[in-house]
2 protein chains.
Amino acid sequence: MKIAVDAMGGDNAPQAIIEGVLKAKATLLDVEFVLFGQQEQIMKYLSDDEDRITIIDAREVITMEDEPVKSIRKKKNSSLVLASESLKNGETDALFSSGNSGALLVAGLFIVGRIPGLDRPAMITLFPKFNKNNGFVTVLDVGANAESTVANLHEFAVLGKFYCQYLLKISNPKIKLLNNGTEWDKGDRIHKEAYQILDQDSNLNFLGNIEARDILNDETDVVVTDGFTGNAVLKTTEGTALNLMSAIKNEINHNFVSKLGGMLLKKSFKSIYQQLDYEKHGGAILLGVKKPIIKAHGSSNVDSVSQALIQSHDMVKSEITNNLTQYFSEMQ
Amino acid sequence: MKIAVDAMGGDNAPQAIIEGVLKAKATLLDVEFVLFGQQEQIMKYLSDDEDRITIIDAREVITMEDEPVKSIRKKKNSSLVLASESLKNGETDALFSSGNSGALLVAGLFIVGRIPGLDRPAMITLFPKFNKNNGFVTVLDVGANAESTVANLHEFAVLGKFYCQYLLKISNPKIKLLNNGTEWDKGDRIHKEAYQILDQDSNLNFLGNIEARDILNDETDVVVTDGFTGNAVLKTTEGTALNLMSAIKNEINHNFVSKLGGMLLKKSFKSIYQQLDYEKHGGAILLGVKKPIIKAHGSSNVDSVSQALIQSHDMVKSEITNNLTQYFSEMQ
C-alpha cells in the first residue's frame, strides 16, 4: 500500500509531517510513504537510508492563504497537485495533507474526482462523546459544501453509514438529521424534505431529527447535516470548548488555593484535553471521491499527523471507496 | 409601566414565575405586574394584599408539547393568548413568558404583530464572552425563522444594532456576519449576497464575516446569522459547555486527590458556572414585533425569571420598539 503525503502543507511542515510519517511507519509495516515536496527541505529531517520512503520533488507550495481554485490550477508543480495526480493515476492509494483545506477539496473534486453517481462528497469528522467511554459520533458534512440539496443530505447519510460500517465496525449505525427541533415537521424546506427521504429509505436506520445540543450525548452514530450548518457546529464546538478551558485556566491562576486545586486536578484536566483533542482521533475525511483523502488540522503536530496516517491506512484496508463506488453504480 | 406575565408557562410554573415576579417587584418600583393564569394556582404563592400585582384569570394552559399555531388559534382563554392580547391592546407594555417558545413566537407574530415595514422579527440572545470582564456578544437570529432571505439578514443587522444602542449603550456597535470563512466571497448564495448588502449600508458598522469558533472571543458586538444556523450555534454552545462541565465533574469524582482538587476549586467553578448561565443575563428577546416580548428558558428559576423581568422593564424604558417603528417607517 502506498500513501501519498503532502509534505509541505500545514503550519509545522515539513518537520511535523516527516516526523509523523516516521512515527506512523513504525506501526504501519505494510505501507510505503511517498512524500511530495521540496527534496532538500524534506531531507533535513530524514536519514539517507530510510526504507519505505520515496521523495517526489515538488518545487511549488500551496500556502494556507492561497485561493483554492486558482492555486490548484496554477501551481501544477506543487506538492498537493502532484500528490493528487499520483492518487488519480493509481500510483498511490490514499492522500494525506494538513495544508490548505479549500485547495485539498478542489484537488479532490477536480483531480481525483467524485465517485460516479454521487453528486457531492462530504467532509466527515468524528466528535468525541464525553462520558461515553471514548465513543464517537460521526458528523457530516462539516464543510465540503456551502450549499446542500435534499439529495445531497441523502447521500451524506449513505456516506456516514458506510464510514461507520467499514471503519468503526458498527453494523447498523443509527442515523439522525440535525435540525432545529426533534419533531418531523421542523426546519426549513430542505430539512423537512430530507426527513421524509431519509425516513423512506429502508436501507437506512434513520431515527429522526436531533438538535445540536444533543450531538455530544446522544446514542446516535451518524449526524447528517448540510455543509453550512455542519461547519458552524464544528467550529462552535471547538470555540466553546477552547474558551471554556481557557476560562477555567484563568480561574485556577486566580490565587494560591485555586492554583493548588489546579495542581491536584492536573491529571483530570489532561484526560479532558485528550478527549477534546479531535486530532488524536485522526483527521477529517473527504468521503465520496474515488480514493481516500484525509485532512489533518493546519496546526497538526507529530502525533496527529501519525494518527491521521494510520487512519489513511485503515481507509485503504477497509476498501470503503470501492464499496461506495459499487453502491452508487448500482443506484444509478 | 405594566408588564404582562404568562404565569402558567414553563417547567416550574406558576411557582417560579410568581416568586420571580416578587423578586423583580422589589427592584422595579415603577412597574405593575399583570399576571395571566389560573387564579387559584397563582394565589397559592401570593399574599392577599400584594400591591402592584393584578391577576387576570385565564383558564387554559398552553403546554410545552402543544403545537404552536394550533394552540394559539384554539386556546383563546390561555394565559399566553390573553396576555398577548393585552399587549396588543395597549393595556400592558411588555410581555414575559417562559413557556412554549414556538407558541410565543406565533403569538408575537399574529396577535401582537410585526413592526410595519419589517419582514421578519428575530430572536436575540446574549452570549457571554469568556475572559472579557463580563462582556457580551449579541447574536441573532437564534431561531425565530427556519429560513432567512438576504433582506432578512439585513434587517437582523439593524435589529442587533438597535439592541446594542438602546439596551447596552454601545453607540456604534461592531457588526459581523456568521459565515463558513472570513473572506468576503465565502458561504452560500444568501450569505455572499448578505455580505455585499451589509457592506454597502453606510448606517452599519459592518466589519465582515466571522467564523463560529470566534463568537465567544471576538471584539464584535453583533453577530448576524440566519435563524437555522443561529439556532444550531446556540444549542451547540449550550451542549458543548454542559457536556464539558459534566465531564470535568466526572474526572473530579475519580479519586481522593482529584476530589480534594475539586474542593479547592469550588469557587472557581462557581464563577465559571455563573458566566455560563445565560439566564443570569436575562431571556431571549423577540425583536421586531410592535411591543417588547421576552422569553426565558422553560427551566427558568426564580433568579432567571426576575432577571428577564428587569430586562423587560429596560426594554420598555429604552423605547427601542418605538424607535424601530420609526426607523422602518422611514425606510419604506
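Everything here concerns the structure above.
Residues numbered from 1 in each chain as written. Chains lettered and ligands numbered in written order. Predicted model: local features only at pLDDT ≥ 70, side-chain atom pairs only at ≥ 80, totals over all residues. Heavy atoms only, no water.

Student: Just to check I follow, could you spell out the pattern of salt bridges for this structure?
Tutor: If charged atoms from side chains of opposite charge come close, those side chains can pair. With the rule as written, the count across this model stands at 26 salt bridges over all chains. The residue glutamate 50 of chain B makes a salt bridge to lysine 25 of chain B at a minimum N-O spacing of 3.1 Å. With glutamate 50 of chain B in the loop between α2 (39-43) and β3 (53-57) and lysine 25 of chain B in helix α1 (residues 15-27), the pair connects residues that are 25 residues apart, well separated along the chain. Overall, glutamate 50 of chain B belongs to the partly exposed group, its relative accessible area being 26%. Residue lysine 25 of chain B is classed as buried on the basis of its relative accessible area of 6%. For glutamate 193 of chain B, the salt bridge is made with arginine 189 of chain B, and the minimal N-O distance between the two is 3.0 Å. Placement of the pair is glutamate 193 of chain B and arginine 189 of chain B together in helix α7 (residues 189-200), with a separation of four residues, close to one helical turn. Look at arginine 189 of chain B and you get partly exposed, because its relative accessible area is 46%. Linked through salt bridges whose partners overlap, the residues forming this network are Lys25, Glu50, Asp51 and Arg52 of chain A. (Salt bridge = Lys/Arg side-chain N within 4 Å of Asp/Glu carboxyl O. Helix = DSSP H or I, 4+ residues; strand = E, 2+ residues; numbered from the N terminus. Buried < 20%, exposed > 50% of the residue type's maximum accessible area, 1.4 Å probe, protein only.)

Student: How should the relation of the copies chain A and chain B be read in this particular structure?
Tutor: To go from the first copy of the chain to the second, apply a rotation about an axis and then a shift along the same axis. Between chain A and chain B, the superposition needs a rotation of 180 degrees and an axial shift of 0.0 Å, giving an RMSD of 0.0 Å. This pairing of chains is accounted for by a two-fold axis. Residues of chain A ranked by C-alpha distance from the rotation axis are headed by glycine 261 of chain A, positioned 2.0 Å from it. With an isologous cut-off of 70% or more, the 98% of interface residues of chain A that recur at the interface of chain B puts this contact in the isologous class. (Least-squares fit on C-alpha atoms with pLDDT ≥ 70 in both. Contact = heavy atoms within 4.5 Å.)

Student: For this particular structure, what's the right way to read the interface of chain A and chain B?
Tutor: As a measure of interface size, the accessible area lost when the parts come together is often cited. Counting residues at the interface gives 52 residues for chain A, matched by 51 residues for chain B. Roughly 4500 Å² is buried in total at the junction of chain A and chain B, and carbon and sulfur atoms are behind 65% of that figure. Summed over the shared surface of chain A and chain B, the number is four salt bridges. Between the two partners, chain A and chain B, sit 10 residue pairs in polar contact (both at pLDDT 80 or more). The set of elements that each furnish at least two residues to the side of chain A that touches chain B consists of α7 (189-200), α8 (227-252), α9 (256-264) and α10 (266-276) of chain A. Among the elements that line the side of chain A that touches chain B, the one with the most residues is α8 of chain A, at 21 residues. A breakdown of the residues in the side of chain A that touches chain B according to their chemical character gives 21 nonpolar, 22 polar and nine charged. (Buried area = accessible area lost by both parts, 1.4 Å probe. Polar contact = N/O pair within 3.5 Å; in protein donor to acceptor, adjacent residues only side chain to side chain. Nonpolar A, V, L, I, M, F, W, Y, C, P; charged D, E, K, R; others polar.)

Student: Could you clarify how one ought to interpret the environment of valine 142 of chain B in this entry?
Tutor: All names here are of chain B. Within the fold, valine 142 resides in the loop between β6 (136-140) and α6 (150-166). When the C-alpha atoms of valine 142 and alanine 212 are compared, they prove to be 13 Å apart, with 70 residues separating the residues in sequence. Apart from residues lying up to four places away in sequence, valine 142 is in contact with Met123, Ile124, Thr125, Gly227, Gly230, Asn231 and Leu234.

Student: Help me understand a positive patch on the surface, please; the structure alone is not making it clear to me.
Tutor: A cluster of basic side chains, namely Lys70, Arg73, Lys74 and Lys76 of chain A, defines a positive patch on the protein surface. Note on placement: arginine 73 of chain A falls in helix α3 (residues 68-74). (Patch = residues over 30% accessible without salt bridge, like charges linked within 9 Å, V, L, I, M, F, W, Y side chains within 5 Å. Areas by Shrake-Rupley, 256 points an atom, 1.4 Å probe, with all protein chains shown as cover. Lys, Arg positive; Asp, Glu negative; His and termini not counted. Charge placed at Lys NZ, Arg CZ, Asp CG, Glu CD.)

Student: For this particular structure, what's the right way to read α7 of chain B?
Tutor: The α-helix winds at 3.6 residues per turn, so residues separated by three or four positions along the chain end up facing the same way. If you check α7 of chain B, its first and last C-alpha atoms are 17 Å apart, about what 12 residues at 1.5 Å a residue would give, namely 16 Å. Those residues of α7 of chain B that are buried lie in contact with α8 of chain A together with α6, β7 (174-178) and β8 (205-210) of chain B. (Expected span 1.5 Å × (residues − 1).)

Student: Explain the packing of helix α8 (residues 227-252) of chain B against helix α10 (residues 266-276) of chain B to me, please; I cannot follow it from the model alone.
Tutor: A pair of packed helices is characterised by two quantities: the angle between their axes and the separation of those axes. All names here are of chain B. Packing of α8 against α10 brings their axes to within 12 Å, and their N-to-C directions diverge by 165 degrees. Judged by the angle between their axes, α8 and α10 are roughly antiparallel. Here α8 runs over α10; the crossing is left-handed. Residues Ala241, Met245, Ile248 and Ile252 of α8 form the contact with α10, whose own contacting residues are Phe269, Ile272, Tyr273 and Leu276. (Axes fitted to C-alpha atoms, helices over the stretch in contact; angles between N-to-C directions. Parallel < 35°, antiparallel > 145°, perpendicular 65-115°, else oblique. Left-handed = near helix turned anticlockwise from the far one by under 90°.)

Student: What is the right way to look at the sheet that holds strand β9 (residues 222-224) of chain B in this model?
Tutor: Hydrogen bonds between backbone atoms are what pair the strands of a sheet, whose relative direction is either parallel or antiparallel. Residues and elements named next belong to chain B. Sheet architecture is open: 11 strands sit in the order β3-β2-β1-β4-β11-β10-β5-β6-β9-β7-β8, paired in mixed fashion. One side of each edge strand has no neighbouring strand; the edge strands of this open sheet are β3 and β8. On average, each strand axis in the sheet is inclined to that of its neighbour by 25 degrees, with strand direction left out of account. The pairing of strand β10 (residues 284-287) with strand β11 (residues 293-295) spans three bridges and is classified as antiparallel. Its bridge partner being in β11, alanine 284 is matched across the sheet by lysine 295. Those strands touched by α1 are β1 (2-6), β2 (32-37), β3 and β4 (94-97), and its axis lies near 175 degrees from that of β2. (Pairing = 2+ DSSP bridges.)

Bear in mind that shape data such as this cannot, by itself, settle questions of function.
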